[in-house]
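Single-letter residue listing:
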Amino acid sequence: MNYYSLNHKAPNSTFKNAVIKGLAPDKGLYFPESITPLPKSFFDKIDDLSYSEIAFEAIKQFVAPEIPEDVLKTIVEETLSFDFPVVKLNDNISTLELFHGPTMAFKDVGARFMARCLGYFNKNNDKEVTVLVATSGDTGGAVANGFLGVKGVNVVILYPSGKVSEIQEKQLTTLGQNIKALEVNGTFDDCQAMVKTAFLDESLTSQMQLTSANSINVARWLPQLFYFMFAYKQLHNQYDNIVFSVPSGNFGNICAGMMAQKLGLPIKHFVASNNVNNVVTRYLISQLYEPKPSIQTISNAMDVGAPSNFIRIQEIYKNDFVTLKENLSSFSFTDEETKAAMLEIFENYNYVADPHGAVGYLGCKSYLNENPDAHCVFLETAHPTKFLDVVENVVKEEQPLPEQIQSVMGKEKEAVIVSTYQDLKDFLLN
Ligand SMILES: *Cc1c(COP(=O)(O)O)cnc(C)c1O
């Protein structure tokens, strides 16, 4: 599959080049040249297919021929080595749990898939690739874990000192090997600015191959379309009119869901559930796209003022506002509403949701008000214990720590402190 740049000022790219480069040379996001729907027989027999088989069929066209089928089978099987259960809350609302991976955030799947693609492309290459990524929390851990031990790939993660949770910090600073953590004296925005400067610094990029590992990278973005198929497999015999409510920040996850729909998955509608960082909610009302600086909330992985994947959504809908609005609703919720929802879910269904999932639940409820015949699935994007303080405060019960979390808690943190871009550059060049 070839990819074009959404800035339309760069040559088309192979999948391999798009994965290695991340962004097109004109700074545009890559988008696949074509999307061929899967045959009806695929959906008819989905009950007989394993998750790996579903994922393999769904992603094949986007990575062929550069990744041969036998290699892709292995990549998909290794990526999906944990479960994706749907839990029913009532007849209209279910949740799809995406937190059973090694770092207990949904970003595990994209990170593991991308790491294996990059490892495959780089296996006979003497030139190492450096993955440079800024994180406000979950991305760092998922990328660190996904890329651990991948030959020919070094990972450098920048995180803001004192602004990620203790668990998140442990997840990205304790792995060693090819993973290096840089603790930045500054905010997440400072981390991101340093990464951007590095990508534009020719005196650096002429000496090393840098790539990104956030959802702008097609190999991290596209595998997220699997989730929607896995939920459909579990629900289609019980419900028609399946709707997905996706807690959204950079809009990579929901945009991947729209790709699954393009592949023919019968999804009735999408709900983009936002905290008060609600540029898309406002856009669907006013048709004006007005990014703003981000505001800190308890669902901090969605504190994004200018969602980078929204341009891909516009492309899927050929920039047509009316068809987009027919298929996408968006609602925005405050922290107070989110906490009240966490308590409601706990009291009514004896289920502990994390703040991101709770925003998704509220999105379902708002949509169901107008569309009572739908079955709405909200994505539970992180395990509640990753947000232990907030969760225990709301449900007033101590939460048991899962294996994945316990195993990092006792490990020793290793991080290099950086303050300026020059510090980062010196680090990378040594
Ligand atoms: C990254 C993240 C999100 C937002 O996903 P996008 O693809 O950026 O919209 C939501 N919840 C959690 C827990 C996350 O880590």
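Refer to the structure printed above.
Residues numbered from 1 in each chain as written. Predicted model: local features only at pLDDT ≥ 70, side-chain atom pairs only at ≥ 80, totals over all residues. Heavy atoms only, no water.

Student: Kindly report on the site of the ligand, identifying the contributing residues and their values.
Tutor: Around the ligand sit 15 residues in total, of which Lys107, Gly249, Asn250, Phe251 and Thr381 are the nearest. Measuring from an oxygen atom of the ligand, one finds a side-chain N or O atom of aspartate 138 at 3.1 Å. Burial of the ligand by the protein amounts to 97% of the accessible area it has alone, namely 380 Å². The residue inventory of the shell around the ligand, partitioned by class, reads six nonpolar, seven polar and two charged. (Near = heavy atom within 4 Å. Polar contact = N/O pair within 3.5 Å; in protein donor to acceptor, adjacent residues only side chain to side chain. Areas by Shrake-Rupley, 256 points an atom, 1.4 Å probe, with all protein chains shown as cover. Nonpolar A, V, L, I, M, F, W, Y, C, P; charged D, E, K, R; others polar.)

Student: Give me the lowdown on helix 12 (residues 252-262), citing residues and values where you can.
Tutor: Along helix 12, ten of the eleven residues are buried, which leaves the element largely enclosed by surrounding structure. For helix 12, the full list of buried residues reads Gly252, Asn253, Ile254, Cys255, Ala256, Gly257, Met258, Met259, Ala260 and Gln261. In the segment just after helix 12, glycine 264 is the residue with positive phi, at about 110°. (Buried < 20%, exposed > 50% of the residue type's maximum accessible area, 1.4 Å probe, protein only. Helix = DSSP H or I, 4+ residues; strand = E, 2+ residues; numbered from the N terminus.)

Student: Explain the pairing of strand 10 (residues 242-247) residue by residue, including any values.
Tutor: Among the six residues that make up strand 10, six are buried, leaving the element largely enclosed by the rest of the structure. Side chains Ile242, Phe244 and Val246 of strand 10 all project onto a buried face; the interleaved residues Val243, Ser245 and Pro247 project onto the opposite face, where all are buried too. Here strand 10 pairs with strand 13 (residues 375-380) via four bridges, running parallel. Among the inter-strand pairings, valine 243 is bridged to a residue of strand 13, identified as cysteine 376. Summarising the sheet, strand 10 and strand 11 (residues 269-274) pair through five bridges and their orientation is parallel. Across the sheet, the residue bridging to phenylalanine 244 is phenylalanine 270, located in strand 11. (Pairing = 2+ DSSP bridges.)

Student: Break down the sheet that holds strand 2 (residues 13-14) for me, citing the residues and quoting the values.
Tutor: Here three strands make up an open sheet; going across it, the order is 2-1-3 and the pairing antiparallel. The sheet terminates laterally at strand 2 and strand 3 (30-32), the two strands that pair on one side only. In the sheet, strand 1 (residues 2-5) pairs with strand 2 via two bridges, with the strands oriented antiparallel. If you follow asparagine 2 over to strand 2, its bridge partner there is threonine 14.

Student: Provide a residue-level description of the nonpolar core, including the pertinent values.
Tutor: Core analysis: the biggest nonpolar cluster contains 106 residues, and Phe15, Phe84, Phe147, Leu225, Phe228, Met229 and Phe244 have the highest contact counts within it. A per-element tally of this core places helix 11 (residues 225-235) first, with nine residues. When near neighbours in sequence (up to four residues on either side) are disregarded, phenylalanine 228 contacts Phe244, Val246, Asn253, Ala256, Gly257, Ala260, Leu265, Ile267, Phe270 and Leu379. Core analysis: the second largest hydrophobic core is formed by 31 residues, Ile93, Ala353, Val359 and Val390 among them. (Core = buried A, V, L, I, M, F, W, Y, C linked by side-chain atoms within 4.5 Å. Contact = heavy atoms within 4.5 Å.)

Student: Pulling in residues and values, what's your account of the pairing of strand 5 (residues 93-97)?
Tutor: For strand 5, the buried fraction is high: five of the five residues fall into the buried class. Burial along strand 5 is two-sided: the face carrying Ile93, Thr95 and Glu97 and the face carrying Ser94 and Leu96 are both buried. Strand direction decides the pairing type here: strand 4 (residues 86-88) and strand 5, joined by three bridges, are antiparallel. Looking across to strand 5, one finds that valine 86 is bridged to leucine 96. Hairpin connection from strand 4 to strand 5: four residues lie between these consecutive antiparallel strands. Of the pairings in the sheet, the one linking strand 5 to strand 13 comprises five bridges and is parallel in character. By the bridge assignment for strand 13, leucine 96 is matched with leucine 379.

Student: Which residues make up the environment of valine 109, and what are the values?
Tutor: Structurally, the position occupied by valine 109 is in helix 5 (residues 107-121). Considered as a pair, valine 109 and aspartate 190 are 81 residues apart in the sequence and their alpha carbons are 27 Å apart. Not counting chain neighbours up to four residues away, the residues in contact with valine 109 comprise Thr79, Leu80, Phe82, Phe84, Pro223, Phe226 and Tyr227.

Student: A description of the pattern of salt bridges should follow, citing residues and the corresponding values.
Tutor: Pairs can form between side chains of opposite charge once their charged atoms are near each other. Scanning the model with the defined rule gives ten salt bridges in all. Here lysine 413 makes a salt bridge to glutamate 183, at a shortest N to O gap of 3.0 Å. Highlighted residues: lysine 413 in the loop between helix 19 (403-409) and strand 14 (416-418) and glutamate 183 in strand 8 (residues 179-184), separated in sequence by 230 residues. Residue glutamate 183 is classed as buried on the basis of its relative accessible area of 10%. Between lysine 425 and aspartate 201 there is a salt bridge, with the nearest N and O atoms lying 3.1 Å from each other. Separated by 224 residues along the polypeptide, lysine 425 in helix 20 (residues 421-429) and aspartate 201 in the loop between helix 8 (188-200) and helix 9 (202-205) bring together distant segments of the chain. Across this residue pair, the class does not change: lysine 425 and aspartate 201 are buried. Salt bridges sharing partners connect three or more residues here, namely Glu169, Glu183 and Lys413. (Salt bridge = Lys/Arg side-chain N within 4 Å of Asp/Glu carboxyl O.)

That's the geometry; what it means functionally is another story.
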